[in-house]
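This is what each chain is made of:
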Amino acid sequence: MFKGQVDFATRIIDAHVSFPLFSSASPLPGVESLELACTSGDGLVATVQIARTASAEAGIALAKDALELALSRVAYFCGAVIESARLTGSQFEPIDPAHGYRLLAGTGRIELTGYPPRIVRGVSTDTLKGQLESPAAPADTNYGQLRSARLSVGPVEEFMHLYAILLGLLGDSQPKVDAFIRLIEPGVQQSASPIRAAASETVYTRLRNELAHKRAGVSIESTKVEMAAELGGIRRIVCQAIARYS
């Protein structure tokens, strides 16, 4: 058996936050601790301490899982877009004296990255620590889905992914999705549903259906422009849905 540490780096793309180095426990067994810091530009660095693993390869895989879980939580609670972590180094040593005491050093990497000046928002490490040390829960899957949606290649893909999260949380029912949207955003724009008589649909459901189904008189290009304009709203709604139904 072995113990060791694995180092990572990643980027926070659009929500310019900053927090000093802090240490946190992980809900994953076998992980002793993880350290995170985001102190310059949008670069985030992390070190995961592995308490016990069968091999260096298994330790790196466990460290990656622990960090991705942590990053999805940070992304949700900070309203940030965080890329997948990149391995920058690792080292392991046996904890069984029968193996002898030798260091198993992994490959290190050097990354040079420049960032333009920007306003950065500080985040409380106490708040983050509390969130990261919470036991694993069903919400973690939704945090990961939200993070994946925010990493979409464009606004249309992100919009459709976000709406899919709402459907997953609300029983795959558009009427339930719209009822929740009206609860969170009472003044939401609405229009008559061309499918359900005497029913209305919110702007988010209309846009989703205009892209997913053939509708007479609809310009797909206009739909895409509207989706980009409504991204902020549907992001807020999805975050509320995750908090309520996870």
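Small disclaimer: the values here were computed from a predicted structure and weren't measured.

1. A closer look at the overall build of the chain
Now for step 1: Counting its secondary structure elements, the chain contains eight helices and nine strands.
Now for step 2: Within the chain, the proportion of its 246 residues that are buried is 43%.
Now for step 3: By sequence separation, contacts in the chain at least 24 residues apart represent 63% of the contacts at least 6 residues apart.
Now for step 4: For the chain, the accessible surface area stands at approximately 12300 Å², while carbon and sulfur atoms represent 55% of it.

2. Comments concerning helix H2 (residues 125-132)
Now for step 1: Thr125, Leu128 and Leu132 are the residues of H2 that are buried. Mapping the buried residues of H2 onto a view down its axis gives an arc of 60°, with all of them on the same face.

3. A look at the pattern of salt bridges
Now for step 1: Within this structure, the stated rule accounts for 12 salt bridges.
Now for step 2: Ionic pairing is found between Lys64 and Glu68, a salt bridge with its closest N-O pair at 3.6 Å. Here Lys64 pairs with Glu68, and both are found in helix H1 (residues 56-78), just four residues apart, close to one helical turn.
Now for step 3: Look at Lys64 and you get partly exposed, because its relative accessible area is 27%.
Now for step 4: The buried category is assigned to Glu68, whose relative accessible area is 17%.
Now for step 5: Here Glu221 and Lys224 are joined by a salt bridge, their closest N and O atoms 3.9 Å apart. Residue Glu221 and its partner Lys224 are both found in helix H7 (residues 220-229); the two are separated by three residues, about one turn of the helix.

4. Looking at the side chain of Thr223
Now for step 1: In this structure, Thr223 sits in helix H7.
Now for step 2: Note on Thr223: relative accessible area 1%, which makes it buried.
Now for step 3: Other than its neighbours up to four places away in sequence, Thr223 contacts Leu207, Glu210, Leu211 and Val218.

5. Here's the deal with the nonpolar core
Now for step 1: Formed by 32 residues in total, the largest nonpolar core has its most connected members in Phe8, Phe19, Leu36, Val48 and Leu67.
Now for step 2: If you list the elements that add at least two residues to this core, you get strand S1 (2-11), strand S2 (17-24), strand S3 (31-40), strand S4 (43-53), H1 and H2.
Now for step 3: Other than its neighbours up to four places away in sequence, Phe19 contacts Leu36, Ala37, Cys38, Thr39, Leu44, Val123, Thr125 and Leu128.
Now for step 4: In this structure, Ala139, Phe159, Tyr163 and Leu207 belong to the second largest nonpolar core, which totals 28 residues.

6. Regarding the packing of helix H4 (residues 155-169) against helix H8 (residues 231-245)
Now for step 1: Viewed as axis vectors pointing N to C, H4 and H8 meet at an angle of 25°, and their least axial separation amounts to 10 Å. In this view, H4 runs roughly parallel relative to H8, as classed from their interaxial angle. The handedness of the crossing between H4 and H8 is left-handed. Facing Pro155, Glu158, Phe159, Leu162, Tyr163, Ile165, Leu166 and Leu169 of H4, the residues of H8 in contact are Leu231, Ile234, Arg235, Ile237, Val238, Ala241, Ile242 and Tyr245.
Now for step 2: Of the residues that constitute the contact of H4 with H8, the class distribution is 14 nonpolar, no polar and two charged.

7. Considering the pairing of S1
Now for step 1: Sheet analysis places S1 next to S4, joined by nine bridges and oriented antiparallel. Paired with Phe8 across the bridge in S4 is Ala46.
Now for step 2: Bridge analysis of S1 against strand S5 (residues 86-94) gives eight bridges, and the strand direction is antiparallel. Paired with Gly4 across the strands is Phe92, a residue of S5.

8. Things to note about the confidence of the model for the chain
Now for step 1: Looking at the chain, the pLDDT average stands at 87 and 88% of residues meet or exceed 70.
Now for step 2: Taken together, the stretch residues 108-120 has pLDDT below 50 and engages in 17 contacts with residues farther than four places along the chain or on a different chain.

9. Some details on unusual backbone geometry
Now for step 1: The phi dihedral of Asp172 is positive, around 55°, even though this residue is not glycine.
Now for step 2: With respect to the helices, strands and loops of the structure, Asp172 is situated in the loop between H4 and helix H5 (174-184).
Now for step 3: Asp172 sits in the exposed class, given a relative accessible area of 62%.

Cut-offs used in this document
- The residue count restarts for each chain, going from 1 along the sequence in the order it is written.
- With the structure being a predicted model, the display of local features is reserved for residues of pLDDT at least 70 and the display and counting of side-chain atom pairs for 80 or more, all residues being used for whole-chain, interface and lining totals.
- The basis for the side-chain values is all heavy atoms of the structure; hydrogens and waters are excluded.
- For the purposes of this entry, the term helix denotes a DSSP run of H or I that reaches at least four residues, the term strand denotes a run of E that reaches at least two, and both are numbered from the N terminus.
- Relative accessibility decides the category of a residue: with a 1.4 Å probe and only protein chains considered, values under 20% of the type maximum give buried, values over 50% give exposed, and everything between is partly exposed.
- We call two residues contacting when some pair of their heavy atoms lies within 4.5 Å.
- Shrake-Rupley sampling with a 1.4 Å probe provides the accessible areas, and residues are treated as covered by the protein chains on show and by no other component.
- It is the directions from the helix axis to the C-beta atoms that the arc portrays.
- The working definition used for a salt bridge is a side-chain nitrogen of Lys or Arg within 4 Å of a carboxyl oxygen of Asp or Glu.
- What makes a nonpolar core is a set of buried Ala, Val, Leu, Ile, Met, Phe, Trp, Tyr and Cys residues whose side-chain atoms join them at distances within 4.5 Å.
- Structural elements are reduced to axes, namely lines fitted to C-alpha atoms, with helices fitted over the stretch in contact, and the angle between N-to-C directions of any two is expressed from 0 to 180 degrees.
- The labels follow the angle: roughly parallel below 35 degrees, roughly antiparallel above 145, roughly perpendicular from 65 to 115, and oblique for the rest.
- If you view the pair so one helix is near and one far, a crossing is left-handed when the near helix is turned anticlockwise from the far one by less than a right angle, and right-handed when it is turned clockwise.
- Residue type decides the class: Asp, Glu, Lys and Arg count as charged, Ala, Val, Leu, Ile, Met, Phe, Trp, Tyr, Cys and Pro as nonpolar, and the leftover types, Gly among them, as polar.
- Following DSSP output, two strands are said to pair if at least two bridges run between them.
- The predictor attaches a confidence to each residue, called pLDDT, with possible values from 0 through 100.

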